[in-house]
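Residue-level listing of the chains:
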Amino acid sequence: MPGRVRWTPEAIQTLAGIHDYTMRTWGRQSAASIVSKLRAATRVLREHPRIGRLGQEAGTRELTSIFPFVIVYHVSGEDGWSAGRQDDVEILRIWHGAQEREEPAHEDGEVLAE
């Protein structure tokens, strides 16, 4: 049975920001196209949740099929993460490849030093 894909509020906000930026810069058609491609890429995770490479942050994976974007996600049952059924996916964030990533934080919000 395929897993489910859930988007966090931060991931939804990031997708909306990508749409808005793309629409202002390249127009409505380009914005709709990139959002459609990103959403389609995440739907593949229902059937193939481990298709992405291991992520920079522990317990995450990264899907890089829509260049230059990196879709960061968790897979339920992997690395102790268990919010849902086995193989459910939670989309955490979408990064543009040129963006500098924030440092990982503890659950209490404290930033971890490397």
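From a predicted model like this one, the values you see are computed outputs, not experimental measurements.

What counts and how
Residues numbered from 1 in each chain as written. Predicted model: local features only at pLDDT ≥ 70, side-chain atom pairs only at ≥ 80, totals over all residues. Heavy atoms only, no water. Salt bridge = Lys/Arg side-chain N within 4 Å of Asp/Glu carboxyl O. Helix = DSSP H or I, 4+ residues; strand = E, 2+ residues; numbered from the N terminus. Buried < 20%, exposed > 50% of the residue type's maximum accessible area, 1.4 Å probe, protein only. Pairing = 2+ DSSP bridges. Contact = heavy atoms within 4.5 Å. Axes fitted to C-alpha atoms, helices over the stretch in contact; angles between N-to-C directions. Core = buried A, V, L, I, M, F, W, Y, C linked by side-chain atoms within 4.5 Å. Parallel < 35°, antiparallel > 145°, perpendicular 65-115°, else oblique. Left-handed = near helix turned anticlockwise from the far one by under 90°.

S.K.: Is there a simple way to think about the pattern of salt bridges in this case?
M.R.: Pairs can form between side chains of opposite charge once their charged atoms are near each other. If you walk through the whole model with that rule in mind, you get five salt bridges. When the shortest N-O distance is used, the salt bridge between E10 and R93 registers 2.9 Å. A residue pair is termed long-range when its members are at least 10 positions apart, and E10 in helix α1 (residues 9-26) and R93 in strand β5 (residues 89-96) qualify at 83 residues. Residue R93 is classed as buried on the basis of its relative accessible area of 15%. One salt bridge connects R53 with E62, and the closest N-O pair in it is separated by 2.8 Å. Using a relative accessible area of 44% as the deciding quantity, one classes R53 as partly exposed. Accessibility expressed as a relative area gives 2% for E62, which makes it buried.

S.K.: What am I meant to see in the pairing of β5 here?
M.R.: The element β5 is extensively covered by neighbouring structure, given that seven of its eight residues are classed as buried. Judged from the three bridges that link them, strand β1 (residues 5-7) and β5 form a sheet pairing that is parallel. Along β5, the bridge assignment pairs R6 with E90. With seven bridges joining them, strand β4 (residues 69-75) and β5 adopt antiparallel strand pairing. Along β5, the bridge assignment pairs H74 with E90.

S.K.: Honestly, the sheet that holds strand β2 (residues 53-54) in this entry has me stumped. Any pointers?
M.R.: By way of backbone hydrogen bonds, the strands of a sheet pair with one another, either parallel or antiparallel. One open sheet holds the five strands; their spatial order is β1-β5-β4-β3-β2, and the pairing between them is mixed. If you trace the sheet from one side to the other, it starts and ends with β1 and β2, each paired once. Note that β2 and strand β3 (residues 61-63) share two bridges and pair antiparallel. Bridge pairing in β3 places L54 opposite R61. Taken strand by strand, α1 contacts β1, β4 and β5, and its axis lies near 35 degrees from that of β5.

S.K.: I would appreciate a short explanation of the nonpolar core in the present structure.
M.R.: In globular proteins that are soluble, nonpolar side chains generally tend to be buried together. Grouped together as the largest cluster of nonpolar side chains are 18 residues, with contacts concentrated most on I34, L38, F69, I71, Y73, I91 and I94. If you list the elements that add at least two residues to this core, you get α1, α2 (28-44), β4 and β5. In this view, I91 contacts V5, R6, W7, T8, A11, T42, L45, I71, V72 and Y73; residues no more than four positions away in its chain are not counted.

S.K.: I tried to follow the packing of α1 against α2 on my own but got confused; where do I start?
M.R.: Two packed helices can be described by the angle between their axes and the distance between those axes. Between α1 and α2, the shortest axis-to-axis distance is 7 Å and the interhelical angle comes to 150 degrees. Between α1 and α2, the interaxial angle falls into the category roughly antiparallel. By crossing handedness, the relation of α1 to α2 is classed as right-handed. In contact with L15, I18, H19, T22, M23 and W26 of α1, α2 contributes R28, S30, A31, A32, I34, V35, L38 and R39.

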